[in-house]
Amino acid sequence: MDNAQVDIKRAYRFRFYPTPEQASTLARTFGCARFAYNHMLRLRTDAWMQRQERVGYHATSAALTALKKQPEYEWLNEVSSVPVQQALRHLQTAFGHFFAKRARYPQFKHKDGKQSAEYTTSAFKWDGSALKLAKMNAPLNIRWSRPIPKVAKITTVTVSKDTAGRYFVSLLCDDAVAAKPEASGKVGIDLGLTHFAILSTGEKVAAPNTYRKNQAKLAKLQRRLAKKTKGSNRRRKAKLKVAKLHAKVADSRKDFLHKLSTRLINENQVIAIESLSVSNMQKNRCLSKSIADAGWAEFVRQLEYKAHWYGRELVGIDQWYPSSKRCSDCGYTMPKMPLNVRQWTCPECGEHHDRDVNAARNVLAAGLAVSARGEAVSPVAF
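Worth saying up front: this structure is predicted, and the values here are computed from it rather than measured.

Draft legend 1. Geometry of the overall build of the chain. For the chain, the count of helices and strands is nine helices and 13 strands. For the C-alpha atoms alone, the extent of the chain along its principal axes is close to 85 × 55 × 45 Å. For the chain, the residues scored as buried account for 41% of the 382 residues in total. In the chain, once contacts between residues fewer than 6 apart in sequence are set aside, the share between residues at least 24 apart is 71%. Summing over all exposed atoms, the chain offers an accessible surface of approximately 21,700 Å²; the carbon and sulfur share of this is 51%. Separation of charge centres in the chain, based on 65 positive and 32 negative side chains, amounts to 11 Å.

In structure tokens:
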């Protein structure tokens, strides 16, 4: 395979440590962007509920301009206008997803949740080594964990603050990646809970269970938080401890998923995976917590974009394909296969199977058949 390049949008995310002055400016910017989003969401909702009138982006932009001229809202002019304007674009995007039935109705943003502000090219300066935002006198103190390619062109900068009090900056770039050399491996993946992934090679990847391992500690911190007086400093400190533990769990899970997805992409040219309706599976109260803890959706999302970047083929198999009940040796399909049956012997050919490894081998065989026919199949449906 030649090293053809793929033009992509890539985000480089780094942690940074603002000065007190920068933290104050960012706090005001977050607040103004959040206010603009919530105010216009209320305006659009009321217009429809009261008068069945549709209000679009241009109308909200004009309303924001008029709002800034009112004396009681002069504080909106104290920060850069770009993040405030971008909040209206994000609201328009949220409504677009809602009308396309890809998401629920837009929700109001809260000051206790994650905060973010987006800067376009007119509101930041980048000289190749330092980043300076509008309304700030000094560049951000960024921890550069990896270099940004010189050919990458930064188009958007998003600054965020999570509930654990950490600041991050995400640099969205126009970039290009070269396809990796063709690999010899082909693998089928069966996702599970006891083992996160069972491969057609027979390898079983243990589930990280990041939430389960911290569940007892999290419950203890949440009990302490519930006993604190609302509005007190002790409650604020207790709430921060809970948020930090949640952040630790999320970071550990994402680290595991990135390492596993990268290894599979490096080792295999074709990856077959069973499509799953995870949203329906999470309706099972006995399994919903474990399914959410596994992070299947994020894992497949990473496989999808990495396969696109590096010239790999990711094939999705229909969720109703009888991968567990079908013998991977002779093709015989068992009429029934209860979940508690983990080992079984084929009555046709006598081959003894591990349920999950057999399923992964069937997924690979079906994926190779789909790939040979040149069919385009969506990997995973959620």
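Draft legend 2. Local environment of the packing of helix α1 (residues 20–51) against helix α3 (residues 81–99). Close contact between α1 and α3 brings their axes to 8 Å; oriented N to C, the two are set at 40 degrees. In terms of orientation, α1 lies oblique with respect to α3. As α1 packs across α3, the resulting crossing turns out to be right-handed. Of the residues in α3, those in contact with Thr29, Cys32, Ala33, Ala36, Tyr37, Met40, Leu41 and Arg44 of α1 are Pro83, Val84, Ala87, Leu88, His90, Leu91, Gln92, Ala94 and Phe95. For the contact of α1 with α3, the residue count by class is 13 nonpolar, three polar and one charged.

Draft legend 3. Highlighting the sheet that holds strand β2 (residues 115–120). Pairing within the open sheet is antiparallel, and its four strands lie in the order β1-β6-β5-β2. Two strands close off the open sheet at either side, each with one partner strand: β1 (5–16) and β2. Between one strand axis and the next, the sheet turns by 25 degrees as a mean value, whatever way the strands run. Packing against the sheet, α1 makes contact with β1, β2, β5 (153–161) and β6 (167–178), and its axis sits at approximately 90 degrees to β2.

Draft legend 4. Focus on the UniProt feature "domain: Transposase putative helix-turn-helix" (unreviewed entry) in the chain. Listed under "domain: Transposase putative helix-turn-helix" (unreviewed entry) in the UniProt record, and renumbered for this structure, are residues 9–52. End C-alpha atoms of residues 9–52 are separated by 38 Å, and the span's content is 73% helix alongside 18% strand.

Draft legend 5. Molecular detail of the sheet that holds strand β7 (residues 185–191). Taken in spatial order, the five strands make up an open sheet running β9-β8-β7-β10-β11, and their pairing is mixed. The sheet is open, and its two edges are formed by β9 (204–206) and β11 (313–317), each paired on a single side. With direction set aside, neighbouring strand axes in the sheet form an average angle of 25 degrees. Pairing of strand β8 (residues 195–199) with β9 involves three bridges; the strand directions are antiparallel. When the sheet's bridge partners are listed, His195 is paired in β9 with Ala206. Helix-sheet contacts for helix α5 (residues 233–267) involve β7, β8, β9 and β10 (268–274), and the interaxial angle to β10 is about 125 degrees.

Draft legend 6. Structural context of the domain arrangement of the chain. Assigned domains of the chain: these are domain 1 (5–178) and domain 2 (186–373). Here the C-alpha centroids of domain 1 and domain 2 sit 33 Å apart. In this assembly, eleven residues from domain 1 lie in contact with nine residues from domain 2. Summing both sides of the interface, domain 1 and domain 2 together bury roughly 760 Å²; the carbon and sulfur share of this comes to 56%. Among the residues domain 1 hides against domain 2, the three largest losses belong to Val6, Ala164 and Arg166. Together they make up 43% of the total. With a closest N to O distance of 2.9 Å, Asp251 and Arg166 form a salt bridge. Linking domain 1 with domain 2 are two residue pairs in polar contact (both at pLDDT 80 or more). For the side of domain 1 that touches domain 2, the secondary-structure elements that each account for two or more residues are β1 and β6. Residue classes in the side of domain 1 that touches domain 2 are distributed as five nonpolar, two polar and four charged.

Draft legend 7. Geometry of the pairing of β11. Across the five residues that make up β11, a large majority, four, are buried. Looking at chain direction, β10 and β11 are connected through five bridges and run parallel. Bridged to Ile273 within β11 is Gly316.

Draft legend 8. Region of the structure containing the state of the cysteines. Applying the stated criterion across every chain yields a total of zero disulfides. Among the cysteines around Cys346, which has no disulfide bond, Cys330 carries the closest sulfur, lying 3.5 Å off.

Draft legend 9. Expanded view of the pairing of β8. Most of β8 sits out of view: four of its five residues are buried. Strand direction decides the pairing type here: β7 and β8, joined by three bridges, are antiparallel. Across the sheet, Asp190 pairs through a bridge with Ile198, a residue of β8. The turn joining β7 and β8, which pair antiparallel and follow one another in sequence, is formed by three residues.

About the criteria used
Residues numbered from 1 in each chain as written. Predicted model: local features only at pLDDT ≥ 70, side-chain atom pairs only at ≥ 80, totals over all residues. Heavy atoms only, no water. Helix = DSSP H or I, 4+ residues; strand = E, 2+ residues; numbered from the N terminus. Buried < 20%, exposed > 50% of the residue type's maximum accessible area, 1.4 Å probe, protein only. Contact = heavy atoms within 4.5 Å. Areas by Shrake-Rupley, 256 points an atom, 1.4 Å probe, with all protein chains shown as cover. Lys, Arg positive; Asp, Glu negative; His and termini not counted. Charge placed at Lys NZ, Arg CZ, Asp CG, Glu CD. Axes fitted to C-alpha atoms, helices over the stretch in contact; angles between N-to-C directions. Parallel < 35°, antiparallel > 145°, perpendicular 65-115°, else oblique. Left-handed = near helix turned anticlockwise from the far one by under 90°. Nonpolar A, V, L, I, M, F, W, Y, C, P; charged D, E, K, R; others polar. Pairing = 2+ DSSP bridges. UniProt positions renumbered as here; feature names shortened; annotations may be inferred. Domains from an automatic or database assignment. Buried area = accessible area lost by both parts, 1.4 Å probe. Salt bridge = Lys/Arg side-chain N within 4 Å of Asp/Glu carboxyl O. Polar contact = N/O pair within 3.5 Å; in protein donor to acceptor, adjacent residues only side chain to side chain. Disulfide = S-S within 2.5 Å.

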